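Here are the chains, one letter per residue:
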Amino acid sequence: MNITVIGTGYVGLVSGVCFAELGNRVICVDKDSGKIDTLNAGGIPIYEPGLKEMATANRLAGKLSFTTDLSGAVRQSDIIILAVGTPPLPSGEANLAYIDQAAIEIADAMNGYKIVAVKSTVPVGTNERLATLMRARTNYRFDSISLPEFLREGSAIQDTLHPDRIVIGADSQSAADTMTLLHKPLTHQIVVTDIRSAEMIKYASNAFLATKISFINEIANICEKVGADVTQVAEGMGYDRRIGPSFLNAGIGYGGSCFPKDTRALIQIAGHVDYEFKLLRSVVEVNQDQRFNVIRKLETIFEGELRGKTVAIWGLAFKPNTDDVRDSPAIEIIQHLVDNGVKVRAYDPVAMSNFQALFGKARVTWCENPLDTAQDADALCLLTEWDEFSKIDLGRLQTVLKRPILIDGRNVFNEENLLGTEFVYYSVGRPSMN
Ligand code: UGA
């Protein structure tokens, strides 16, 4: 099939590359000519394992191209997929300006029947809004489809090529059939719903996953007080198929560009129809507080006196295998430490420059590697569970720290790793060791 994907952010780029990989002819469009130049030169503007290789192979095979020319791309395609950003407005609501703009430009470029599918996460009713906008500008027939995306950063290709399910929200049987055909090679689990339900499935799924995380984080906080181990509790819960084992890793809370934005947006969506989503409000509140779990431990260790201490930070990305630092718990943790007179030394294998762009370069000592970061620090906090950290020789680490204090915000290490060391070790929801 001939497909245009509008927006070369995470979702657009990965989808475009994967649709090309499946044998379709894909044109990826972005307004940002710098991004398009990078992509045409074989570069990838984001860090995502395997993406560069797959993009290059498909580009060289003539199945994938990149352009700023939206109209030209639309005219050559039967299916248009919108994957433009819907960043939050100050109120928490999704900003639909890019969707509206794209709808107008697609309508003006129409030269025949097309399917217009929205992959961006958008409030219920947005597909109808898009259709209304387009209908006012074109007489050509089109079908609007809701095509929510469930990929995770860091495993985006795997998630796209082997999804648990594909959701297609349509009000036309023939358009639903075409989209089913397009996705058939990926999974047999294709759920066709009405458009509004598909839009809702995306928010409900992210909100539910966020709820699981905040739930296990609260269980972890109680475990710390009653002397239980949250990893054992989660394992014991997870074997129950009604609960499931995933998204029960306690830590310093969720971050990234999706959960924080989508939970707030769903609270807003509910508010617009006079419904107060009390449970989700608490999920957000618990998550906000959970990042201070690490700070509270530092305060206990240093008896309330953080000023003048040196703290090493391992990990700045909101999760491993990504350079994304949007809403990363590390931001507020480091901000709090710096504001309280702590000397912070920080390191991340790939997210350092993105973090510096957001946080500023001053006020933190940026380090080259994990051991250098720990040099002469009074304590070390692990905030992102990069593989590199779990492989560190703890015996060696102990000798470079001023005090062998390790606060593991992601429960990476265990008793066995610490055997024979003098570490005072704190994690989340597990008994401390010293
Ligand atoms: C999330 C969803 O998992 C995807 O299905 C969805 O498509 C995507 O949002 C989106 O809406 O675009 P993503 O934000 O890339 O994907 O990352 P996740 O792997 O879901 O992790 C989100 C956050 O939750 C991370 O900060 C991670 O550290 C945290 N997390 C995750 C936990 O604290 N505990 C867990 O058990 C799992």
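No experiment lies behind these values; they were computed from the predicted model shown. (Residues numbered from 1 in each chain as written. Predicted model: local features only at pLDDT ≥ 70, side-chain atom pairs only at ≥ 80, totals over all residues.)

Observations concerning the overall build of the protein
For the protein, the count of helices and strands is 19 helices and 14 strands. Rg of the C-alpha trace for the protein: 24 Å, near the compact-globule value of 22 Å for 434 residues, within the 12% margin. Projected onto its principal axes, the C-alpha coordinates of the protein cover approximately 70 × 45 × 40 Å. Residues counted as buried form 45% of the 434 residues belonging to the protein. Counted over contacts in the protein with a minimum sequence separation of 6, partners at least 24 positions apart contribute 71%. (Helix = DSSP H or I, 4+ residues; strand = E, 2+ residues; numbered from the N terminus. Rg over C-alpha atoms; globule rule 2.2 N^0.38 Å. Buried ≥ 20, exposed ≤ 12 C-beta atoms within 10 Å, placed from the backbone. Contact = placed C-beta atoms within 7 Å.)

Points about the UniProt feature "active site" (unreviewed entry) in the protein
The UniProt record marks C258 with the feature "active site" (unreviewed entry), using the residue numbering of this structure. Among the secondary structure elements, C258 is positioned in the loop between α10 (230-238) and α11 (259-272). (UniProt positions renumbered as here; feature names shortened; annotations may be inferred.)

So, the sheet that holds strand β10 (residues 343-347)
Strand order in the open sheet formed by six strands is β11-β10-β9-β12-β13-β14, and the pairing between neighbours is parallel. Since the sheet does not close on itself, it has two edges, and those belong to β11 (364-366) and β14 (424-426), each with one partner. Averaged over all pairs of adjacent strands, the angle between their axes in this sheet comes to 20°, without regard to strand direction. Relative to β10, strand β9 (residues 310-314) is paired through five bridges, and the arrangement is parallel. Paired with A312 across the strands is R345, a residue of β10. (Pairing = 2+ DSSP bridges. Axes fitted to C-alpha atoms, helices over the stretch in contact; angles between N-to-C directions.)

Comments concerning the site of the ligand
Every one of the 21 residues lining the ligand counts as a neighbour, but E153, N249, Y254, G256 and C258 are closest to it. Going through the elements one at a time, α9 (195-226) and α11 are the ones with two or more residues in the shell around the ligand. With three residues, the top contributor of residues to the shell around the ligand is α9. Considering only residue class, the shell around the ligand consists of ten nonpolar, six polar and five charged. Counting only domains with at least three residues in the shell around the ligand, you end up with domain 1 (2-193) and domain 2 (209-289). (Near = placed C-beta within 6 Å. Nonpolar A, V, L, I, M, F, W, Y, C, P; charged D, E, K, R; others polar. Domains from an automatic or database assignment.)

Remarks on the packing of α9 against α10
Where α9 meets α10, the axes come as close as 9 Å, and the angle between the chain directions of the two elements is 135°. When the axes of α9 and α10 are compared, the pair comes out oblique. Regarding α9 and α10, the two cross each other, and that crossing is right-handed. Residue-level contacts link I216, I219, A220 and C223 of α9 to V230, V233 and A234 of α10. (Parallel < 35°, antiparallel > 145°, perpendicular 65-115°, else oblique. Left-handed = near helix turned anticlockwise from the far one by under 90°.)

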